[in-house]
Structure formats: structure tokens, C-alpha cells
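Here's the letter readout for the chains.
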Amino acid sequence: MSVEAAHAAEILAALSAPERLQVLAELARRGEDGLTATQLAQALDIPVPKAGAALARLHAIGVVTGTGVYRARLDALRETAADLDRQQPISRLLVIYPELRNFFSHGRLTTLPPTLSRRWELLAEMLVRFLDLDGPCDEDEINRRLSAVTDDVAGARRMLVDAGWLERDRAGTTYGTSRTVPARESSA
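Just so it is clear, the structure is predicted and the values come from calculations on it, not from any experiment.

So, the packing of helix α2 (residues 18-30) against helix α3 (residues 37-44)
Okay, step 1: Taken N-terminus to C-terminus, the directions of α2 and α3 make an angle of 105°; their axes are 11 Å apart at the nearest point. The orientation of α2 relative to α3 falls into the category roughly perpendicular. Counted together, Gln22, Val23, Glu26, Leu27 and Arg30 of α2 and Leu40, Ala43 and Leu44 of α3 form the full contact between these two elements.
Okay, step 2: For the contact of α2 with α3, the class distribution of residues is 5 nonpolar, 1 polar and 2 charged.

Some points on the packing of aromatic side chains
Okay, step 1: In total, this model carries 0 aromatic pairs according to the counting rule given.
Okay, step 2: In this structure, Arg179 packs its charged tip against the face of Trp165, placed 3.8 Å from the ring centre.

Focus: the environment of Leu93
Okay, step 1: Mapped onto the fold, Leu93 is located in helix α6 (residues 91-96).
Okay, step 2: Taking the relative accessible area as the measure of exposure, Leu93 reaches 1% and is therefore buried.
Okay, step 3: Here Leu93 is in contact with Met126, Arg129 and Phe130, once residues within four sequence places are set aside.

Describing the pattern of salt bridges
Side-chain pairing between opposite charges can occur once the charged atoms of the two side chains come close.
Okay, step 1: Applying the stated rule across the entire model yields 15 salt bridges.
Okay, step 2: Note that Arg179 and Glu121 form a salt bridge whose closest N and O atoms lie 3.6 Å from each other. Of this pair, Arg179 sits in the segment after β7 (174-177) while Glu121 sits in helix α7 (residues 118-131), and the two are 58 residues apart along the sequence.
Okay, step 3: The shortest N-O distance in the salt bridge between Arg168 and Glu139 comes to 2.8 Å. Of this pair, Arg168 sits in strand β6 (residues 166-168) while Glu139 sits in helix α8 (residues 139-146), and the two are 29 residues apart along the sequence.
Okay, step 4: The class of Glu139 is partly exposed, set by a relative accessible area of 24%.

Here's the deal with helix α4 (residues 48-60)
Okay, step 1: For α4, spanning 13 residues, the distance from its first C-alpha to its last is 18 Å, which sits close to the expected 18 Å at 1.5 Å a residue.
Okay, step 2: Here α4 has its buried residues at Ala51, Ala54, Leu55 and Leu58. One side of α4 carries all its buried residues, which in axial view fall inside an arc of 100°. Among the exposed residues of α4, those pointing more than 90 degrees away from its buried face are Pro49 and Ala60.
Okay, step 3: Where α4 is buried, its residues contact α1 (3-15), α2, α3 and β1 (64-65).
Okay, step 4: With its phi angle positive at about 90°, Gly62 sits one or two positions after the end of α4.

Cut-offs used in this document
Throughout, residues of each chain are indexed from 1 in the direction in which the sequence is written. In view of the model being predicted, local features appear only for residues whose pLDDT reaches at least 70, and side-chain atom pairs are presented and counted only at 80 or more, with totals across whole chains, interfaces and linings using the full set of residues. Side-chain metrics rest on all non-hydrogen atoms present in the structure, leaving aside hydrogens and water. Axis geometry follows a simple rule: fit a line to the C-alpha atoms, using only the stretch in contact for helices, then measure angles between N-to-C directions, giving values from 0 to 180 degrees. What counts as a helix is a DSSP run of H or I of at least four residues, what counts as a strand is a run of E of at least two, and both are numbered from the N terminus. Any angle that is under 35 degrees is reported as roughly parallel, and any over 145 degrees as roughly antiparallel; angles of 65 to 115 degrees are reported as roughly perpendicular and all others as oblique. Here a residue-residue contact requires only that any non-hydrogen atoms of the pair lie within 4.5 Å. Any residue that is not Ala, Val, Leu, Ile, Met, Phe, Trp, Tyr, Cys, Pro, Asp, Glu, Lys or Arg is counted as polar, Gly included; the first ten are nonpolar and the last four charged. In this analysis, rings of Phe, Tyr and Trp, with Trp reduced to its six-membered ring, are considered paired at centre separations within 6.5 Å, and the interplanar angle assigns stacked below 30 degrees, edge-to-face beyond 60, and tilted for intermediate values. Over a ring means this: the NZ of a Lys or the CZ of an Arg is within 6 Å of the ring centre and within 35 degrees of the ring normal. Think of it in three bands: with a 1.4 Å probe and only protein chains considered, a residue is buried below 20% of the maximum accessible area for its type, exposed above 50%, and partly exposed in between. Here, a salt bridge means any Lys or Arg side-chain nitrogen found within 4 Å of an Asp or Glu carboxyl oxygen. Between the first and last residue of a helix there are one fewer steps than residues, each counted as 1.5 Å, and that sum is the expected span. An arc is given here, and it is the one of the directions from the helix axis to the C-beta atoms.

Next comes the structure, spelled out in C-alpha cells:
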């Protein structure tokens with residue numbers, strides 16, 4: 001597990017405790033004004049030691065700042081999500097295909113562009129590049145690879161066939177690339 005993934009797991013584990021999540025939510029609601037541990041305990045109707053313990057844990061993972069008066073640091077959550085996004089297998093290709101970023105969320109394909117549009121063609125090209133086929137693959141292997149980036153494996157596979165990037169052998173048991181992937185450089 002990467003350092004970023006371990007940090008994200010630590011944050012999620014900390015926020016899985018209802019009282020800590022309530023503390024963070026209340027601090028977020030209060031904004032820059034923040035709250036003391038006593039004010040927080042009163043606002044949430046919990047004992048001051050529980051509020052203090054929740055604040056200490058949230059401060060330790062970096063989602064709360066301050067001493068005396070505490071404030072939520074929601075940017076820490078956004079930064080952690082961005083760190084995890086950068087680790088997704090498709091991220092390196094989204095640098096090369098920036099016009100396709102809106103079709104992905106957290107490394108997952110969430111929607112397909114309109115059929116036969118330029119972006120539909122580019123997405124098919126990017127996905128075949130992602131598959132990185134070095135020879136014929138059976139459907140299970142194609143599905144396994146596509147499942148790393150989409151829940152609609154059949155739709156993505158169909159798009160690759162319809163766009164002419166994949167073709168099935170005559171027996172219908174394996175797929176292979178049907179054309180050469182063009183060179184493409186990062187626009188970033």
C-alpha cells in the first residue's frame with residue numbers, strides 16, 4: 001500500500017467513528033470562527049473529554065487545525081482524494097487525453113461520450129491503450145482489465161469493437177487489436 005493510500009485509510013478509519021465525524025461536521029459548519037473543545041462539547045451534547053479526544057485524533061490526521069480554538073481543514077480531505085486519484089491506473093493516460101477527464105471520477109469511467117463523436121473515438125483509443133494488449137486475449141482477461149476503470153465492462157468492450165479497436169476471432173473466444181494505436185504525447 002502506498003503512503004497516500006495508507007493516509008487515506010487512516011482518515012477514513014478516523015471518520016468512521018460517529019462522534020469524530022460529528023465533530024468534523026460541526027467544525028466545518030462553524031467555518032473560520034471555529035470552536036473550543038468546551039463549545040464543541042456543548043454544541044454536540046457530548047462530554048468535554050470525548051470532544052477533546054475526537055479533536056486530538058482529527059488533529060493528528062490533519063483534518064483539524066488549531067490549539068484552543070479548532071477549525072476544520074477540509075482541504076486535507078480534498079488533497080487526500082486527489083492523491084488517490086493520481087494513483088488510479090488510468091491517471092497516466094488522462095494526462096495524455098485531458099479532454100476525456102470529465103468522463104471519469106476518481107479513476108473510474110462514469111459516462112460514455114455520445115456515440116461516433118470525436119471524444120467517443122478518443123475514449124476508445126485511450127481504453128485500447130490502457131488494455132495494453134500484446135497479443136490475443138480471451139474475453140475474461142479483457143473484462144478483468146476494463147473492470148479496473150469501469151463498472152460497465154460490456155459497454156466499454158462493445159465501444160472498443162464498434163470503434164474498430166478490438167476485433168473478435170472467428171471462433172469468438174479471443175480479442176485482439178485491429179489497428180495500431182497512434183503515437184500521442186502529453187499535452188500537460
